[in-house]
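# Close look at the chain arrangement
Chain residues, written in single-letter form:
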Amino acid sequence: MGRGKFKGKPTGRRQFSTPEEILAGTSANRPRTFKKEEAEVAEAERLDEEGSEQESEKSKGTRGLIEIENPNFAKPKNSKALDNDLDRTTELSRREREEIEKQRAHERFMRLQEQGKTEQARKDLERLALIRRQRAEAAKKRKEEKAAKEMKKEARN
């Protein structure tokens, strides 16, 4: 009988397990060969345990006859912090050294700047003194003008 306009996918329809199938363990989601695969894995583990004792005596192929060490194979070196010499100081790279020197020079310059010993600091202090003088003169002038205005007001009244 025809299924209509659209055909189903070649993989077939979805099969949902009923609660009874799930409890019985015959679910459609589990592969049919699952028990076989599980048995093979268990058997392989059991053989590995027994075979590990024999493996040290006998190895596959020519490994037992000729021991070849690959010169390109780098064995990992396990170094722990306790093994390393902690008293040894590490040498700084050129960039690190230059960076530290630059920071120290900047700190030294800033200290001298605060003390007013650099040319730039002297110029800044002179400029500040000039500005303070100008502001003081301007304030004095404003006071005088204000006082003059008040005198004129009093003279009119």
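Residues numbered from 1 in each chain as written. Predicted model: local features only at pLDDT ≥ 70, side-chain atom pairs only at ≥ 80, totals over all residues. Heavy atoms only, no water.

## Some words on the overall build of the protein chain
- Helices and strands together make up the secondary structure of the protein chain, namely four helices and zero strands.
- Counting helices and strands in the order they occur from the N terminus, the protein chain gives α-α-α-α.
- Within the protein chain, the proportion of its 157 residues that are buried is 3%.
- When the accessible surface of the protein chain is totalled, it reaches about 17200 Å², and 51% of it is carbon and sulfur. (Helix = DSSP H or I, 4+ residues; strand = E, 2+ residues; numbered from the N terminus. Buried < 20%, exposed > 50% of the residue type's maximum accessible area, 1.4 Å probe, protein only. Areas by Shrake-Rupley, 256 points an atom, 1.4 Å probe, with all protein chains shown as cover.)

## A word on the side chain of Thr118
- Relative to the helices and strands, Thr118 is located in the loop between helix H3 (94-115) and helix H4 (119-156).
- Using a relative accessible area of 12% as the deciding quantity, one classes Thr118 as buried.
- A polar atom in the side chain of Thr118 sits 2.9 Å from the side chain of Gln113.
- Those residues in contact with Thr118 that sit more than four places away from it in its chain are Phe109, Leu112 and Gln113. (Polar contact = N/O pair within 3.5 Å; in protein donor to acceptor, adjacent residues only side chain to side chain. Contact = heavy atoms within 4.5 Å.)

## Here we look at the pattern of salt bridges
- Tallied over the entire structure, the rule returns two salt bridges.
- Here Glu98 and Arg94 are joined by a salt bridge, their closest N and O atoms 3.2 Å apart. Remark: Arg94 and Glu98 occur in helix H3; sequence separation between them is four residues, near one turn of the helix.
- Residues Asp124 and Arg127 are paired through a salt bridge, measuring 3.2 Å at the closest nitrogen-oxygen approach. Of this pair, Asp124 and Arg127 are both found in helix H4, three residues apart, which corresponds to roughly one turn of the helix. (Salt bridge = Lys/Arg side-chain N within 4 Å of Asp/Glu carboxyl O.)

## What to know about the side chain of Gln113
- Mapped onto the elements, Gln113 comes out in helix H3.
- Setting aside its immediate chain neighbours within four residues, Gln113 contacts Thr118, Gln120, Ala121 and Asp124.

## Brief notes about a positive patch on the surface
- Together, Lys149, Lys152, Lys153 and Arg156 make up a region of like positive charge exposed at the surface.
- Topologically, Lys149 is positioned in helix H4.
- Taking the relative accessible area as the measure of exposure, Lys149 reaches 62% and is therefore exposed. (Patch = residues over 30% accessible without salt bridge, like charges linked within 9 Å, V, L, I, M, F, W, Y side chains within 5 Å. Lys, Arg positive; Asp, Glu negative; His and termini not counted. Charge placed at Lys NZ, Arg CZ, Asp CG, Glu CD.)

## A short note on H3
- Across its 22 residues, H3 extends 32 Å between first and last C-alpha, which sits within 8% of the 32 Å expected from 1.5 Å per residue.
- Directly beyond the C-terminal end of H3, a positive phi value near 80° is found at Gly116. (Expected span 1.5 Å × (residues − 1).)

## Some remarks on the confidence of the model for the protein chain
- When the pLDDT values of the protein chain are averaged, the result is 78; 69% of them are 70 or greater.
- When mean pLDDT is compared element by element in the protein chain, H4 scores highest at 94, while helix H2 (residues 34-55) scores lowest at 68. (pLDDT = per-residue confidence, 0-100.)

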